[in-house]
Amino acid sequence: MMIMSKLYNLNARPIDFILAYPQAEIKTNIYLFPPAGIVINTGGQDLVLKLKNNPDGLKDAGRTWWEHLASGLEYMGFKQCEADQCVWKKGGLVIIVYVNYCLIFGNSKDEVDKVVEELRKRFDITDEGTTVEE
């Protein structure tokens, strides 16, 4: 895709989703006993902790993150490519996603910057660098 961006004079920008899996909320109830060494005075009652976010290592962690990301991209107006589900398109913009990393391609630096700012509002991201343009 980077070669295509040069051929078609597209701007490209890499983005990393910080701790991607925990950004998604869990849809089911998951309870854990407190870790060994943690003492909480509960008056003799057994205590369990309810998970709120999606930790790395759960069987469905990847799927839960993907659904969370997909709903955010759809809200922003992006449509998923039928041929490759990791590719999202909106007008002259294309986002390619790989787990917690994505590349954003667009016709102009301003378009790409707007998408990055919108992503920043919805997700915790690290901007991996400035827009690549020539």
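Scroll up to find the structure this text is about.
Report on the accompanying structure. (Residues numbered from 1 in each chain as written. Predicted model: local features only at pLDDT ≥ 70, side-chain atom pairs only at ≥ 80, totals over all residues. Heavy atoms only, no water.)

A short note on the overall build of the chain
In terms of helices and strands, the chain carries three helices and eight strands. What you see for the chain is a C-alpha radius of gyration of 19 Å, clearly larger than the 14 Å of a compact globule of 134 residues, by over 25%. In terms of principal-axis extent, the alpha carbons of the chain reach across some 70 × 30 × 20 Å. When each of the 134 residues of the chain is scored for burial, the buried share is 31%. (Helix = DSSP H or I, 4+ residues; strand = E, 2+ residues; numbered from the N terminus. Rg over C-alpha atoms; globule rule 2.2 N^0.38 Å. Buried < 20%, exposed > 50% of the residue type's maximum accessible area, 1.4 Å probe, protein only.)

Observations concerning the packing of aromatic side chains
This structure, assessed with the given rule, holds four aromatic pairs. Measuring from centroid to centroid gives 5.3 Å for F17 and W65, while their planes differ by 65 degrees, and the two rings are edge-to-face. Within this pair, whereas F17 is found in strand β1 (residues 11-17), its partner W65 is found in helix α2 (residues 61-75), the two being separated by 48 residues in sequence. With respect to class, F17 is no different from W65; both count as buried. Members of the aromatic cluster, joined through ring pairs, are F17, W65 and F123. (Phe/Tyr/Trp six-rings, centres within 6.5 Å; stacked < 30°, edge-to-face > 60°.)

Points about the nonpolar core
Counting 21 residues, the largest nonpolar core has F17, L73, F78, I95, I104, V115 and L119 as its most contacted members. Not counting residues up to four positions away in its chain, the partners in contact with L73 are F78, W88, I95, V97 and L119. Ranked by size, the runner-up nonpolar core spans six residues in total, among them L10, A12, V94 and F105. (Core = buried A, V, L, I, M, F, W, Y, C linked by side-chain atoms within 4.5 Å. Contact = heavy atoms within 4.5 Å.)

Examining helix α3 (residues 109-122)
Across its 14 residues, α3 extends 20 Å between first and last C-alpha, which sits within 8% of the 20 Å expected from 1.5 Å per residue. Considered for burial, the residues of α3 that qualify are V112, D113, V115, V116 and L119. Summarising the axial view, the buried residues of α3 lie within an arc of 160 degrees, below the 170-degree limit, and thus occupy one face. The exposed set on the far side of α3, more than 90 degrees from its buried face, consists of D110, K114 and K121. (Expected span 1.5 Å × (residues − 1). Arc of directions from axis to C-beta.)

Some thoughts on the side chain of Q23
In this fold, Q23 is placed in the loop between β1 and β2 (31-32). On the accessibility criterion, Q23 (16% relative accessible area) is buried. Residues contacting Q23, with those up to four places away along its chain left out, are F17, I18, W65, H68, F123 and D124.

Quick notes on unusual backbone geometry
A positive phi is found at L19, a non-glycine position, where the angle reads about 40 degrees. At V99, a residue that is not glycine, the phi angle is positive and equals roughly 55 degrees. Looking at where V99 falls in the secondary structure, it is placed in the loop between β6 (93-98) and β7 (101-106). Classification of V99 as partly exposed rests on a relative accessible area of 37%.

Focus: the side chain of R13
Its place among the elements puts R13 in strand β1. At 2.2 Å, the side chain of R13 and the side chain of D127 are in polar contact. (Polar contact = N/O pair within 3.5 Å; in protein donor to acceptor, adjacent residues only side chain to side chain.)

Some remarks on the pattern of salt bridges
Overall, the coordinates contain nine salt bridges when judged by the stated rule. A salt bridge links D127 to R13; the shortest N-O distance between them is 2.2 Å. With D127 in strand β8 (residues 125-127) and R13 in strand β1, this residue pair connects regions lying 114 residues apart in the sequence. For D127, a relative accessible area of 27% puts it in the partly exposed group. R13 sits in the buried class, given a relative accessible area of 8%. Across the pair E67 and R63 runs a salt bridge, and its minimum N-O distance is 3.4 Å. Of this pair, E67 and R63 both sit in helix α2, separated by four residues, roughly a single helical turn. By relative accessible area, which is 31% here, E67 ends up partly exposed. (Salt bridge = Lys/Arg side-chain N within 4 Å of Asp/Glu carboxyl O.)

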